[in-house]
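Each chain, letter by letter, is given below.
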Amino acid sequence: MRILILGGDGYLGWPTAMYLSERGHEVAVADNMIKRFWEASIGVEPLNHIRSLNVRVKRWREVSGKEIKTYIGDIAHNHRFVYKMFEDFRPEAVVHYAEQPSAPYSMMNRTTCADTQMNNVLGTLNVMFAIQHTDPDTHLVKLGTMGEYGTPNIDIEEGWLDVEHNGRKDRVLYPKKPHSFYHLSKVHDSNNLAFASRVWGQRVTDLNQGVVYGIDTDETRRHEDLQTSFHYDSVFGTVLNRFVTQAVVGVPLTVYGSGSQTRGYLNIRDTLRCVELAADNPAERGEFRVFNQFTEQLSIMQIAERVKGVAAVRGLAVTIDHIENPRVEQEDHYYNAKHSKLQQLGLEPHLLTDAVIDHMLEVALTHRDRIDPDVIQPAVKWKQR
Ligand SMILES: NC(=O)c1ccc[n+]([C@@H]2O[C@H](COP(=O)([O-])OP(=O)(O)OC[C@H]3O[C@@H](n4cnc5c(N)ncnc54)[C@H](O)[C@@H]3O)[C@@H](O)[C@H]2O)c1
């Protein structure tokens, strides 16, 4: 299959490109390296050294004998670039990762909020229009987030909710209560995509993904130039990465508030498999299909205790601090999100084992001298006043 990966220089996009290329697909990636700019603009960098996209593609060609085509351009602000790329590559499936992915970044100030929403919403609109312009049969696999749902006091379904109201029944998009302007941008995307399916008959799979952890895939391990980014700062780093680096430099793990906040998590290997399963089993014409893409629910305290326990086996003494929660979110809440559809398609989850945490500790120890504990402290508050 010809698969175009938007955001192919990113944490998930690059490993996905190699994974699908390895499995015989014709793969192209698009990116404008804006994430590297955002990192520089707030003074953070990944823990590991990430090579340029050109070097990665060249190294992949050397180790695998396979070609990944590149398109460099902005999908949000240059629709001509997007149209030309679609006309040139004529993808059968598009995996769309190319968005600003951080909730704290979107909550910094007016500019970062507007940048996030313009980048994410306009980018997805351009992709929808490019599909319509080039080949309306193209299947769009779009990365959304479990954070679109928030923490409702009822079970979270996979995208759709059957309701009965005043004796009549309907099936509606599941009501969303997102936690940040970033998560809101994903809700706006979902609404636009549901519209494109309903009105234009587009094929869309919206993957409401949980928090991803992990650094290695079979492909990233093949050469150090092929590794993917490990962010540990409070803006772009996810919670497990932050705790692992704090454990390694001997500062307390910073749990926001009580730590009973519960979310869905998954291993990066499962992200790649989920995207492959979605592409191999496309949505029907006119179908807006939603999968909840995570494999296990964990609370922040469970993660902190797990890191503490595994670190202790390595002789690292870890303490846990409860700090004032910079976010506005419910801490003690009900959380039960359905996530069976990808497993029905064949996903076999890799759960968060002690071995996975230990490997992350090992990687962080290797780069210990690059860890700056200051950037892990939360600098963005949800309440502006
Ligand atoms: N990593 C996670 O835990 C996680 C969880 C849920 C959802 N997601 C979603 O998955 C997707 C990928 O996440 P990630 O962690 O790999 O993020 P990332 O920032 O590492 O990758 C995104 C890539 O898209 C590129 N990009 C952004 N805007 C672009 C534009 N306008 N034109 C061209 N390229 C652009 C960036 O330069 C970057 O390389 C995002 O949409 C994110 O919201 C990620």
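One can find the structure itself at the top, above this paragraph.
We now turn to the structure provided with this report. Only a predicted model underlies this, so the values are computations on that prediction, with no experimental measurement involved. Numbering of residues begins from 1 in every chain and follows the order in which that chain's sequence is written. Given that the model is predicted, a residue must reach a pLDDT of at least 70 before its local features are reported, and side-chain atom pairs must reach 80 or more before they are shown or counted; all residues, however, enter totals for whole chains, interfaces and linings. Note that water and hydrogens are dropped before the side-chain values are worked out from all heavy atoms of the structure.

Between 30 and 60 degrees the pair is tilted, below 30 it is stacked and above 60 it is edge-to-face, where a pair is any two Phe, Tyr or Trp rings, Trp via its six-membered ring, whose centres lie within 6.5 Å. Within this structure, the stated rule accounts for 6 aromatic pairs. Aromatic pair Y149 and Y174: ring centres 5.4 Å apart, planes at 85°, arrangement edge-to-face. With Y149 in the loop between β5 (139-145) and β6 (160-165) and Y174 in the loop between β7 (168-173) and α7 (181-200), this pair connects stretches of sequence that are 25 residues apart. As far as burial versus exposure is concerned, Y149 and Y174 are alike and both buried. Measuring from centroid to centroid gives 6.3 Å for W160 and F288, while their planes differ by 75°, and the two rings are edge-to-face. Linking W160 in strand β6 with F288 in strand β12 (residues 288-293), this pair joins segments that are 128 residues apart in sequence. Only protein chains enter the accessibility calculation, which uses a 1.4 Å probe. A residue is then buried if its area is under 20% of the maximum for its type, exposed if over 50%, and partly exposed in between. F288 sits in the buried class, given a relative accessible area of 7%. Consider the ring centre and the ring normal. A charge sits over the ring if Lys NZ or Arg CZ is within 6 Å of that centre and within 35 degrees of that normal. Positioned above the aromatic ring of Y19 is the side chain of R23, whose terminal nitrogen or guanidinium carbon lies 3.6 Å from the ring centre. The side chain of K35 reaches across the aromatic face of F236, ending 4.8 Å from its centre. Per the convention used, a helix needs a DSSP run of H or I reaching at least four residues, while a strand needs a run of E reaching at least two, with both numbered from the N terminus.

Glancing now at the packing of helix α1 (residues 13-22) against helix α9 (residues 268-280). Close contact between α1 and α9 brings their axes to 10 Å; oriented N to C, the two are set at 55°. Taken together, the axis directions place α1 and α9 in an arrangement best described as oblique. Of the two elements, α1 crosses α9, and the hand of that crossing is right-handed. For the pair α1 and α9, the contacting residues are P15, T16, Y19 and L20 in the first and I268, L272, R273, V275 and E276 in the second. The class makeup of the residues in the contact of α1 with α9 is 6 nonpolar, 1 polar and 2 charged. What counts as an axis is a line fitted to C-alpha atoms, over the stretch in contact for a helix, and the angles between N-to-C directions run from 0 to 180 degrees. Just so you know how the angles are binned, under 35 degrees is roughly parallel, over 145 roughly antiparallel, 65 to 115 roughly perpendicular, and the rest oblique. Here a crossing is taken to be left-handed if its near helix is turned anticlockwise relative to the far helix by less than a right angle, and right-handed if that turn runs clockwise. Contacts: residue pairs with any heavy atoms within 4.5 Å of one another. Side-chain classes follow a simple rule in which Ala, Val, Leu, Ile, Met, Phe, Trp, Tyr, Cys and Pro form the nonpolar group, Asp, Glu, Lys and Arg form the charged group, and the remainder, Gly included, forms the polar group.

Turning our eyes to something else, we now look at the site of the ligand. Working definition: residue near molecule or strand if any one of its non-hydrogen atoms lies within 4 Å of it. Near the ligand you find 27 residues, and of these L12, D31, N119, Y182 and K186 are the closest. Contacts to the ligand include D31, whose side-chain N or O atom sits 2.7 Å from an oxygen atom. Nitrogen and oxygen atoms within 3.5 Å of one another constitute a polar contact, given that in protein one can donate a hydrogen and the other can accept it, and given that sequence-neighbouring residues count only through two side-chain atoms. Between the ligand and N32, the relevant distance is 3.0 Å, taken from a nitrogen atom to a side-chain nitrogen or oxygen of the residue. Here the accessible surface of atoms and residues is derived via Shrake-Rupley with a 1.4 Å probe, and residues count as covered only by protein chains that are part of the display. For the ligand, whose accessible area on its own is 820 Å², the fraction buried by protein is 95%. Those elements that provide at least two residues to the shell around the ligand are α2 (34-41), β5, α7 and β9 (211-213). The residue makeup of the shell around the ligand, split by class, is 13 nonpolar, 8 polar and 6 charged.

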